[in-house]
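Letter by letter, the chains look like this.
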Number of protein chains: 2
Amino acid sequence: MSKSQNRKAIIGKPYLEEGIFMSAVALGDQALSESNKLLSIWGMTALQYNALKVLYVEDSQGEGLPSMEIGQRLYTRVPDVTRLLERMVDKGWITRERDVENKRVVRSKLTDIGIQLVESAYLPLKESESKQLAHLTDAEKTELARLLNKAKSSPSNPADNKDS
Amino acid sequence: MSKSQNRKAIIGKPYLEEGIFMSAVALGDQALSESNKLLSIWGMTALQYNALKVLYVEDSQGEGLPSMEIGQRLYTRVPDVTRLLERMVDKGWITRERDVENKRVVRSKLTDIGIQLVESAYLPLKESESKQLAHLTDAEKTELARLLNKAKSSPSNPADNKDS
DNA sequence: GACATATACTTGTTATAACAACTGTTGTTT
DNA sequence: AAACAACAGTTGTTATAACAAGTATATGTC
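Numbers given for residues are sequential positions, taken from 1 along each chain in its written order. Written order decides the labels, with chains lettered from A and ligands numbered from 1. In keeping with the predicted nature of the model, local features appear solely for residues at pLDDT of at least 70, side-chain atom pairs appear and are counted solely at 80 or more, and the whole-chain, interface and lining totals rest on all residues. Neither water nor hydrogens contribute to the side-chain values; these are computed over all heavy atoms in the structure.

## Considering helix α5 (residues 112–132) of chain B
Under the 1.5 Å per step criterion, the end-to-end length of α5(B) is 30 Å for 21 residues, consistent within 8% with the ideal 30 Å. The largest bend in α5(B) comes to about 35 degrees, at Tyr122(B), with the proline Pro124(B) one to four residues further on. What α5(B) keeps buried is the set Gly114(B), Ile115(B), Leu117(B), Val118(B), Glu119(B), Ala121(B), Tyr122(B), Leu125(B), Ser128(B), Glu129(B) and Gln132(B). On its buried face, α5(B) sits against α1 (16–39) and α6 (138–152) of chain A together with α1 (16–39), α2 (46–58) and β3 (106–110) of chain B. Each helix is a run of H or I in the DSSP string that is no shorter than four residues. Each strand is a run of E no shorter than two, and both are numbered from the N terminus. Expected span of a helix: the number of residues minus one, times 1.5 Å. Fitting axes to the seven residues ending at a residue and to the seven starting there, one defines the bend at that residue as the angle between these axes. With a 1.4 Å probe rolled over the protein chains alone, any residue whose accessible area is under 20% of its type maximum counts as buried; one over 50% counts as exposed, and the rest are partly exposed. Two residues form a contact once any of their heavy atoms are found within 4.5 Å.

## A short note on the relation of the copies chain B and chain A
Rotating chain B by 180 degrees and translating it 0.0 Å along the rotation axis places it on chain A, where the RMSD comes to 0.0 Å. Such a turn and shift between the copies fits a two-fold axis. In terms of C-alpha distance to the rotation axis, chain B has Ala24(B) as its closest residue, with the C-alpha 2.5 Å off the axis. In superposing the copies, a least-squares fit is computed on C-alpha atoms, taking residues whose pLDDT is at least 70 in both.

## Thoughts on the side chain of Ser67(B)
All names here are of chain B. For Ser67, the position within the fold is in helix α3 (residues 67–74). What makes Ser67 buried here is its relative accessible area of 12%. Here a polar contact is recorded for every N or O atom pair within 3.5 Å, except that within protein the pair must consist of a potential hydrogen donor and a potential acceptor, and residues adjacent in sequence are included only if both atoms are side-chain atoms. Of note is the side chain of Ser67, whose polar atom sits 2.8 Å from the side chain of Arg96. The contact partners of Ser67, leaving out residues within four places of it in the chain, are Val81, Leu85, Arg96 and Val106.

## Some thoughts on the interface of chain B and chain A
The partner chain A presents 69 residues to the 69 residues of chain B that form the contact. Here the buried area means the combined drop in accessible surface, using a 1.4 Å probe, for two parts upon being joined, counting both sides. For the pair chain B and chain A, the summed buried surface comes to about 6900 Å²; carbon and sulfur atoms form 65% of the total. The largest share of the area that chain B buries against chain A comes from Arg7(B), Ile11(B) and Phe21(B), three residues that together contribute 12% of it. Here, a salt bridge means any Lys or Arg side-chain nitrogen found within 4 Å of an Asp or Glu carboxyl oxygen. Applying the counting criterion to the chain B and chain A interface returns eight salt bridges. Close ionic contact of Lys53(A) with Glu18(B) constitutes a salt bridge, the shortest N to O distance being 2.1 Å. Between the two partners, chain B and chain A, sit 12 residue pairs in polar contact (both at pLDDT 80 or more). Of all the elements in the fold, those that place two or more residues in the side of chain B that touches chain A are α1, α2, α5 and α6 (138–152) of chain B. If you tally residues by element for the side of chain B that touches chain A, the top one is α1(B), at 15 residues. A breakdown of the residues in the side of chain B that touches chain A according to their chemical character gives 31 nonpolar, 18 polar and 20 charged. For this scheme, ten residues count as nonpolar: Ala, Val, Leu, Ile, Met, Phe, Trp, Tyr, Cys and Pro. Four count as charged, namely Asp, Glu, Lys and Arg, and the remainder, Gly too, count as polar.

## Description of the protein's contact with DNA strand D
One heavy atom within 4 Å of a molecule or strand is enough for the residue carrying it to be called near that molecule or strand. Close to DNA strand D lie 23 residues, the nearest being Arg77(A), Arg104(A), Met68(B), Thr82(B) and Arg83(B). Within 4 Å of the protein, the atoms of DNA strand D are drawn from sugar and phosphate moieties in a proportion of 68%. For DNA strand D, a sugar or linking oxygen lies 3.4 Å from a polar atom in the side chain of Arg104(A). Thr82(B) places a polar side-chain atom, nitrogen or oxygen, 2.7 Å from a phosphate oxygen of DNA strand D. For the surface near DNA strand D, the secondary-structure elements that each account for two or more residues are α4 (78–90) of chain A together with α3 and α4 (78–90) of chain B.

## What to know about unusual backbone geometry
Residue and element names in this part refer to chain A. With a phi angle near 55 degrees, Tyr75 is a residue other than glycine that sits in the positive phi range. Its place among the elements puts Tyr75 in the loop between α3 (67–74) and α4. Taking relative accessible area as the criterion, Tyr75 reaches 29% and is therefore assigned partly exposed.

## Topic: α2(B)
All names here are of chain B. Helix length check: α2 (13 residues) gives 18 Å between terminal C-alpha atoms against 18 Å at 1.5 Å per residue, within 8%. Summarising burial for α2: 10 of the 13 residues are buried, a large majority. Every buried residue of α2 is listed here: Ala46, Gln48, Tyr49, Asn50, Ala51, Leu52, Lys53, Val54, Leu55 and Tyr56.

Structural data, given as structure tokens:
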């Protein structure tokens, strides 16, 4: 029993921020897991669905969206956006082509199949998400959304002022 | 312009739950990214650090903790816990051995190096985490922690009643 | 208008996560 | 006590994420 293990001196009680980040990660994982389970019916992952939804909502003109913008909305790094979108091209959900005005840009847009797909999944997923938070009151959900949003746009990360 | 793309009919305005989950994932990613950056000084990832901290706090007797318990605390699946802990054995931060009473379980415990490591990183990481949420008031942080905790322990996932 | 710099994306490599299947041990039922 | 189920970990495979480096185009400057 003469272990040199004399600890508990430095690391104290759990602190607030620690719990917030742990819970945020856990809640996010839980939500992703549920969504992935449901979306697998259509052969989609949550990230793919979200990408489709971004294109659906942000590119309502059908002009195509640059990879960078998609990445910003999805909080996904650009290299991974490229491959994400490539996989979605293979599945026939989107098309991609270079912008004629700025040949550096590649614009992605939904195919009709992609549109149908995201429209099919929308309501079931919305209901699933609602169910996951059904034990919160509306006021709590509103407040949680506000606090999360405030929390994530930290001063050290000022490029967070989304439009409007 | 005769695209068949007549959308916007089905997918409406962003709804509350959607924003909550997106923000939770984003906040979690952001926190993990910051932590990983800082912890790389000691050659640790955030997950490894958290595993060390779990052992430090939950195994204060130094008897070793079963993989399953570690996995529960870290919200990590058991197969990944095995490999996570193996890597940490390779680094000399923990040791693992089979329980003599129940030969199915493998108990992991900190080495002195592991103890020093987690103690070294503790305060810097705590400060980094505090800084990330410094623009929230104490009341907001308390409320955010409460709401996140309530949100993640959903009825569909009742095995969430941590001890005390 | 050549040259450096910035931009938008792609490619390569390595690490980690997800999911299923498997091994060995313990508990239960009869 | 033999058979079966439950349990705790491990192993295998595939998909995805992280990080660094590379390519092609555009922009600014002298």
